[in-house]
Amino acid sequence: MNNKPDFTNTIEEWSNFFIPLSDGVQLAARAWLPTNAIEQPVPAILEYIPYRKRDGTAIRDEQMHPYWAAFGYACVRVDIRGSGESDGLLLDEYLQQELDDAVEVINWLEHQDWCSGKVGMMGKSWGGFNCLQVAALRPSALKAIITVCSTDDRYADDCHYRGGAVLIENFSWASTISGFMAKPPDPLLLPETWRENWLERLQNMPFFAKNWLEHTYKDAYWKHGSINEDYSAIEAAVYCVGGWGDAYSVAIPRMMQGLPGPKKALIGPWAHKYPNFASPKPEMDFLAEAKRWWDYWLKGINNGIMDEAVIAAYIQDSVPPQASYEERPGLWVEGNQWPIQSQTINFNLSSGGQLTDVKTKGKVSVQSPLTTGSASGEYCVIWCGPDFPTDQRQDDINSICFDTEPLENSISILGACELKLAITSDQDCGQVVVRLCDVSPSGSSKRISYGVLNLAMRNGLDCPKQVVAGEVMDVSIKLDDTGYEIPVGHKLRLAVSTAYFPLIWPAPKKAKLTLDLASSYLTVPCHDRTATLVRDLGQGYVCPVKKTKKIRPEKHERLIQIDSKNGLVTTKINDDFGKYTFLEHNLTVGESCKEIHSILPDDPCSAISECSWHAQQSRPGWNVDIYSQLKVTCDEEYFYLNRSIKALENGVQVHQSESQEKLPRGFS
């Protein structure tokens, strides 16, 4: 994995410097660049995120950016306003201020003596989001971007809502980002102002969960920063990278269909990770692939990258369901459009529980226990603990299922399955959860893909309409795009439920849904396993990093508990990210998180979600502890949010805030 490439440049690191903005704010940056860049200016590559270059992403930054610098680039890692050692306040995700600041940073880079005048931008997750959004503002120096594990639609595919239903991740992430933003700058880098800046951040900490729950459908708040509102705004070349194990993979096919300019896509089996240290494997040489992209667009080297197929996608082999995977075997294929092939199979739904090619009549009803979904796993698999969906059999029992006969010929799915339904609800609300599963001869059920629809959003995510009890609704539910082969002898299962906790928050009432089978069918996109990928994607490489000392090892666990007295199902998640010291500057950091999500089988108002974080930073004689907590409950009309943030310096409390909010549920 660490076979050293033939680097062409010696490099230097600038561990901390500041980029001035027009309003007087200074953004903290770290950079790696060739030692002779003043004499021979080079293109700049910007990564612009709030995750603290000094500690939060320090190791990951060192694994990547020196690589491109050693091939003749100035790699600049900037903390956005209000994070790390940067001035100002961070008040929400992707505000116009954040994007405008990025444009100023790009203009600043363009005019440095060591910069050739051409700039690229890259990032994963938050950084993948904002490089798309910044590209839509068209700064003249920005020629190309690489967006990893991101989305073009902030409402449809981020961690807040899914199909118009509230994600539990909405609350977990709110607690996470609050704890992260509450950390102080490093006193070694800002000896005069760190404490003042820290207290200002604590006193002005936004209530993220409140912000996001005030917008329950795709209104102007979510359309801001959603580049699928106008793909034509982007002129820079776009390389989209992601994995089927990631929550954002569905956006890549959509961008390949929508972006009018130069573009490429690479979709592997991976979770929310850069694919050079991917999980699950196979990894690939992402750093070398990115270098080819930068060489073409920032240096004008005609290396053939734009002559290759536009899209490379991975078709995963069938594997038993389990909570984590070291590797997902499969097949790489390529093509120039999405879907790569136009083959489809249509299945009808029968009252006998079959997926069949024969049209049938009849109606079936489903009213799932609200505990359905305990095998769903994490919404976005990031830490790669036991977070993938597990055996779906119990959730299948709580759903209405339709199966094929054991397959006589394998089916390779590549694309987005879609279910058309004619459906009624006995309440003025309702959720439809659709899962596609691979059922083995032993009976195990592995989730292949899924889709969610809050029936209030049946006319579109930006066109909410109250459900009328008893009224027939024609709905279309698009499942996540995926690549997966179902082998001979296995069954393809379609499972439909009315709940999926703790992935999504329950509807206000426990609705019974009735499906009209005569008007319902499933479409499955297929691939014939030809047009396999021609080129070798290589093996993952990461640059060596500076030494750290491990104090406490990382550990992740996920537990499901059932109360035999009342049927309460509780999911407990313990994520300990360990504790270690950066030996270069003697900063010790540690983080841990606990989540508890519980619900009764028949009471949607019994749902509770709690998330708490503890973060530590210390040097000899200096110690900081941050505690953040968020608890969410509900009734039929309101959400109730209770948040607390506490900060201690050397054991003395310097800040404590308690916030309570009662928010109308709106269309959720």
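Here, the structure is the one placed above.
Residues numbered from 1 in each chain as written. Predicted model: local features only at pLDDT ≥ 70, side-chain atom pairs only at ≥ 80, totals over all residues. Heavy atoms only, no water.

Regarding the overall build of the chain
Move 1: Assigned secondary structure in the chain consists of 11 helices and 33 strands.
Move 2: For 668 residues, the compact-globule estimate of 2.2 N^0.38 gives 26 Å, and the C-alpha radius of gyration of the chain, at 25 Å, lies within 12% of that figure.
Move 3: In terms of overall dimensions, the chain has a C-alpha envelope of 75 × 60 × 45 Å along the principal axes.
Move 4: Taking the intrachain contacts of the chain between residues at least 6 apart in sequence as the baseline, contacts between residues at least 24 apart amount to 74%. (Helix = DSSP H or I, 4+ residues; strand = E, 2+ residues; numbered from the N terminus. Rg over C-alpha atoms; globule rule 2.2 N^0.38 Å. Contact = heavy atoms within 4.5 Å.)

Notes on the state of the cysteines
Move 1: Within the structure shown, the criterion is met by zero disulfides.
Move 2: Free cysteine Cys159: the closest other cysteine sulfur is in Cys380, separated by 8.0 Å.
Move 3: Classification of Cys159 as buried rests on a relative accessible area of 6%. (Disulfide = S-S within 2.5 Å. Buried < 20%, exposed > 50% of the residue type's maximum accessible area, 1.4 Å probe, protein only.)

Here's the deal with the pattern of salt bridges
Move 1: Inspection of every chain in the model, using the stated rule, returns 41 salt bridges.
Move 2: Ionic pairing is found between Glu85 and Lys53, a salt bridge with its closest N-O pair at 3.5 Å. Of this pair, Glu85 sits in the loop between strand E4 (74–79) and helix H2 (96–110) while Lys53 sits in the loop between strand E3 (42–49) and helix H1 (58–69), placing them 32 residues apart in sequence.
Move 3: The exposure class of Glu85 is buried, given its relative accessible area of 0%.
Move 4: In this structure Lys53 comes out as buried when scored by relative accessible area, which is 1%.
Move 5: As a salt-bridge pair, Arg195 and Glu649 come within 2.7 Å of each other at their nearest N and O atoms. With a gap of 454 residues between them, Arg195 in helix H6 (residues 194–203) and Glu649 in strand E32 (residues 638–649) connect regions that are remote in the sequence.
Move 6: Since its relative accessible area comes to 35%, Arg195 is described here as partly exposed.
Move 7: Among the charged side chains, a network of salt bridges with common partners joins Glu13, Arg30, Glu62, Lys546 and Glu584. (Salt bridge = Lys/Arg side-chain N within 4 Å of Asp/Glu carboxyl O.)

Structural notes on the sheet that holds strand E23 (residues 491–497)
Move 1: Read across the sheet, four strands follow the order E16-E23-E19-E20 without closing on themselves; strand pairing throughout is antiparallel. Lying at the two open borders of the sheet, with one neighbouring strand each, are strand E16 (400–403) and strand E20 (445–454). For this sheet, the mean angle separating the axes of adjacent strands, direction not counted, is 20°.
Move 2: Here E16 pairs with E23 via four bridges, running antiparallel. Note that in E23 the partner of Asp403 across the bridge is Arg493. (Pairing = 2+ DSSP bridges. Axes fitted to C-alpha atoms, helices over the stretch in contact; angles between N-to-C directions.)

Digging into the packing of H1 against helix H10 (residues 286–299)
Move 1: Where H1 meets H10, the axes come as close as 10 Å, and the angle between the chain directions of the two elements is 40°. It follows from the interaxial angle that H1 and H10 lie oblique. Read as a crossing pair, H1 and H10 show a hand that is right-handed. Residue-level inspection shows Gln63, Met64, Tyr67 and Trp68 of H1 in contact with H10, the latter providing Phe286, Leu287, Ala288, Ala290, Lys291 and Trp294.
Move 2: Residue composition of the contact of H1 with H10, grouped by class: eight nonpolar, one polar and one charged. (Parallel < 35°, antiparallel > 145°, perpendicular 65-115°, else oblique. Left-handed = near helix turned anticlockwise from the far one by under 90°. Nonpolar A, V, L, I, M, F, W, Y, C, P; charged D, E, K, R; others polar.)

Let's talk about the side chain of Ser497
Move 1: Tracing the sequence through the fold places Ser497 in strand E23.
Move 2: A polar atom in the side chain of Ser497 sits 3.0 Å from the backbone oxygen of Ala499.
Move 3: Apart from residues no more than four positions distant in its own chain, Ser497 is found in contact with Val366, Ser368, Thr372, Ser399, Gln431, Val432 and Val433. (Polar contact = N/O pair within 3.5 Å; in protein donor to acceptor, adjacent residues only side chain to side chain.)

Brief notes about H10
Move 1: Over its 14 residues, H10 runs 19 Å from end to end, which matches the ideal 20 Å to within 8%, given 1.5 Å per residue.
Move 2: Taken as a whole, H10 has its buried residues at Phe286, Leu287, Glu289, Ala290, Lys291, Trp293, Trp294, Asp295 and Leu298.
Move 3: Residues of H10 that are buried in the fold lie against E3, H1, strand E5 (115–124), strand E6 (142–148), strand E9 (237–243) and strand E10 (263–268).
Move 4: Backbone geometry just after H10 places Gly300 at a positive phi near 70°. (Expected span 1.5 Å × (residues − 1).)

Some words on unusual backbone geometry
Move 1: Cis rather than trans, the peptide bond between Lys281 and Pro282 has omega equal to 15°.
Move 2: Inspection of the secondary structure puts Pro282 in the loop between E10 and H10.
Move 3: Non-glycine residue Arg529 carries a positive phi angle of around 70°.
Move 4: Of the residues examined, Arg529 reaches a relative accessible area of 27% and is grouped as partly exposed.

As for the pairing of strand E25 (residues 521–525)
Put simply, side chains in a regular strand alternate between the two faces of the sheet.
Move 1: Among the five residues of E25, four are classified as buried, and the element is accordingly described as predominantly covered.
Move 2: Inspection of the sheet shows strand E13 (residues 344–349) paired to E25 by five bridges, in the antiparallel sense. For Asn346, the partnering residue across the bridge sits in E25 and is Thr523.
Move 3: Here three bridges tie strand E18 (residues 418–425) to E25, and the two strands are oriented antiparallel to one another. Bridging from a neighbouring strand, Leu419 pairs with Leu522 of E25.

Considerations on the packing of aromatic side chains
Move 1: Under the criterion given, the structure shown has 40 aromatic pairs.
Move 2: Each ring, one from Phe171 and one from Trp505, has its centre 5.6 Å from the other, and the planes form 80°; the classification is edge-to-face. With Phe171 in helix H5 (residues 169–181) and Trp505 in the loop between E23 and strand E24 (513–516), this residue pair connects regions lying 334 residues apart in the sequence. Residue Phe171 shares its accessibility class with Trp505, and that shared class is buried.
Move 3: The ring of Tyr221 has Arg154 sitting right over it, with the charged end atom 5.5 Å from the ring centre. (Phe/Tyr/Trp six-rings, centres within 6.5 Å; stacked < 30°, edge-to-face > 60°. Lys NZ or Arg CZ within 6 Å of the ring centre and 35° of its normal.)

A closer look at the environment of Trp244
Move 1: Tracing the chain through its elements places Trp244 in the loop between E9 and helix H9 (251–258).
Move 2: Assessed through its relative accessible area of 10%, Trp244 is described here as buried.
Move 3: Counting along the chain gives 180 residues from Trp244 to Met64, while the straight-line C-alpha distance between them is 23 Å.
Move 4: Here Tyr314 takes part through its backbone oxygen, which lies 2.6 Å from a polar atom of the side chain of Trp244.

Quick word on the packing of H2 against helix H3 (residues 126–135)
Move 1: Orientation of H2 relative to H3, taken along the N-to-C sense of each, is 75°, at an axis distance of 10 Å. In terms of their interaxial angle, H2 and H3 are classed as roughly perpendicular. Residues Glu98, Leu99, Ala102, Val103 and Ile106 of H2 pack against Trp126, Asn130, Gln133 and Val134 of H3.
Move 2: Of the residues contributing to the contact of H2 with H3, the split by class is six nonpolar, two polar and one charged.

Side note on the pairing of E3
Move 1: Across the eight residues of E3, eight count as buried, placing the element largely inside the fold.
Move 2: The pairing of E3 with E5 spans four bridges and is parallel. Paired with Leu46 across the bridge in E5 is Met121.
Move 3: One ladder, built from six bridges, connects E3 with E4; its direction is parallel. In the strand pairing of E4, Tyr48 is matched with Val78.
Move 4: For the crossover that starts at E3, traverses H1 and ends in the parallel E4, the hand is right-handed. (Right-handed = clockwise from strand over helix to strand, strands pointing away.)

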